[in-house]
Amino acid sequence: MLSSILRGAAAGAAGATALNAVTYADMAVRGRPASSTPEQTVEQVAHLVGVHIPGDEQRKKARESGIGGLLGLLTGTAVGAAYGAAHGAGWRPGTLTGGLAATGAALVAANGPMTVLRITDPRRWSFADWAGDVVPHVAYGFVTAATFAATVRKRRR
């Protein structure tokens, strides 16, 4: 089980890299700015738990941005670890099913907290907003599933 979880975490990290690459490519092609929702989430969670993020306004914003990015990587790695745990428990999806499952899990893990905190409301997103969020998460899901599948030892017959 531990081996599956660790392979899943590594696959999730690869998936997070793919998500970031697709996101940055979209920003470069469309000329759109980075989303501020990760920083807003960090700011709101820090406030809720009573933690002060130090620094003047510029340094505070830079720290929130850095923490937001790190939390995104942590989320991707954790979803991958959960994917590996499911595999270790006997779930054996193909790449299509696994990719779709990882995509859905990552979308919920990334957007769920922001929705609960009322930082965003997916019901009000435009088509472009949805596309800008779903496409990178699809890249995450399929890279995670394919990377995990590549690490599974095939039994000799």
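About the thresholds
Residues numbered from 1 in each chain as written. Predicted model: local features only at pLDDT ≥ 70, side-chain atom pairs only at ≥ 80, totals over all residues. Heavy atoms only, no water. Helix = DSSP H or I, 4+ residues; strand = E, 2+ residues; numbered from the N terminus. Buried < 20%, exposed > 50% of the residue type's maximum accessible area, 1.4 Å probe, protein only. Contact = heavy atoms within 4.5 Å. Areas by Shrake-Rupley, 256 points an atom, 1.4 Å probe, with all protein chains shown as cover. Lys, Arg positive; Asp, Glu negative; His and termini not counted. Charge placed at Lys NZ, Arg CZ, Asp CG, Glu CD. UniProt positions renumbered as here; feature names shortened; annotations may be inferred. Salt bridge = Lys/Arg side-chain N within 4 Å of Asp/Glu carboxyl O. Axes fitted to C-alpha atoms, helices over the stretch in contact; angles between N-to-C directions. Parallel < 35°, antiparallel > 145°, perpendicular 65-115°, else oblique. Left-handed = near helix turned anticlockwise from the far one by under 90°. Polar contact = N/O pair within 3.5 Å; in protein donor to acceptor, adjacent residues only side chain to side chain. Expected span 1.5 Å × (residues − 1).

### What about the overall build of the protein chain?
Within the protein chain, the secondary structure is distributed over five helices and zero strands. Sequence-ordered secondary structure for the protein chain, helices as α and strands as β, is α-α-α-α-α. Here the protein chain, with 157 residues, has 32% of them falling under the buried criterion. For the protein chain, restricting intrachain contacts to residue pairs at least 6 apart in sequence, the fraction spanning at least 24 positions comes to 78%. When the accessible surface of the protein chain is totalled, it reaches about 9700 Å², and 64% of it is carbon and sulfur. Measuring between centres, the 16 positive side-chain charges of the protein chain sit 18 Å from its 9 negative side-chain charges.

### Details of the UniProt feature "transmembrane region" (unreviewed entry) in the protein chain
Listed under "transmembrane region" (unreviewed entry) in the UniProt record, and renumbered for this structure, are residues 67–86 and 134–152. Note that residues 67–86 is 100% helix and 0% strand, and that its end C-alpha atoms are spaced 28 Å apart. Here residues 134–152 is 95% helix and 0% strand, with 27 Å between the C-alpha atoms at its ends.

### Things to note about unusual backbone geometry
At Arg 118, a position not held by glycine, the phi torsion is positive, near 65°. Structurally, Arg 118 can be placed in the loop between α4 (95–116) and α5 (127–151).

### What to know about the pattern of salt bridges
Enumeration over the complete set of coordinates arrives at nine salt bridges. Between Lys 61 and Glu 57 there is a salt bridge, with the nearest N and O atoms lying 4.0 Å from each other. Taken together, the positions of Lys 61 and Glu 57, both in helix α3 (residues 57–88) and four residues apart, correspond to about one turn of that helix. Residue class for Lys 61 comes out partly exposed when judged on its relative accessible area of 35%. Relative accessible area serves as the criterion here: at 51%, Glu 57 is assigned to the exposed category. Between Asp 121 and Arg 123 there is a salt bridge, with the nearest N and O atoms lying 3.0 Å from each other.

### What about the packing of α3 against α5?
Here α3 crosses α5 at 45°, and the two axes come no closer than 11 Å. In terms of orientation, α3 and α5 fall into the oblique class. Every pair of crossing elements has a handedness; the one defined by α3 and α5 is right-handed. For the pair α3 and α5, the contacting residues are Gly 76, Val 79, Gly 80, Tyr 83, Gly 84 and His 87 in the first and Tyr 140, Thr 144, Ala 145 and Phe 148 in the second.

### Comments concerning the side chain of Thr 41
Residue placement: Thr 41 occurs in helix α2 (residues 37–49). Exposure remark for Thr 41: the relative accessible area of 12% places this residue in the buried category. If near-sequence neighbours (up to four positions away) are discounted, Thr 41 is found in contact with Met 114, Leu 117 and Ile 119.

### Description of the side chain of Asp 26
With respect to the helices, strands and loops of the structure, Asp 26 is situated in helix α1 (residues 2–30). For Asp 26, a relative accessible area of 19% gives the class buried. Here the side chain of Asp 26 touches Arg 32 through a polar contact of 2.5 Å, side chain to side chain. Those residues in contact with Asp 26 that sit more than four places away from it in its chain are Gly 31, Arg 32 and Gly 132.

### Examining α1
A rise of 1.5 Å per residue sets the reference length of α1, with its 29 residues, at 42 Å; its end C-alpha atoms lie 41 Å apart and thus fit the reference within 8%. Buried residues of α1: Ser 4, Gly 8, Ala 9, Ala 11, Gly 12, Gly 15, Ala 16, Ala 18, Leu 19, Thr 23 and Asp 26, and no others. On the buried face of α1, the contacting elements are α3 and α5. Phi turns positive one or two residues past the end of α1, at Gly 31, with a value near 70°.

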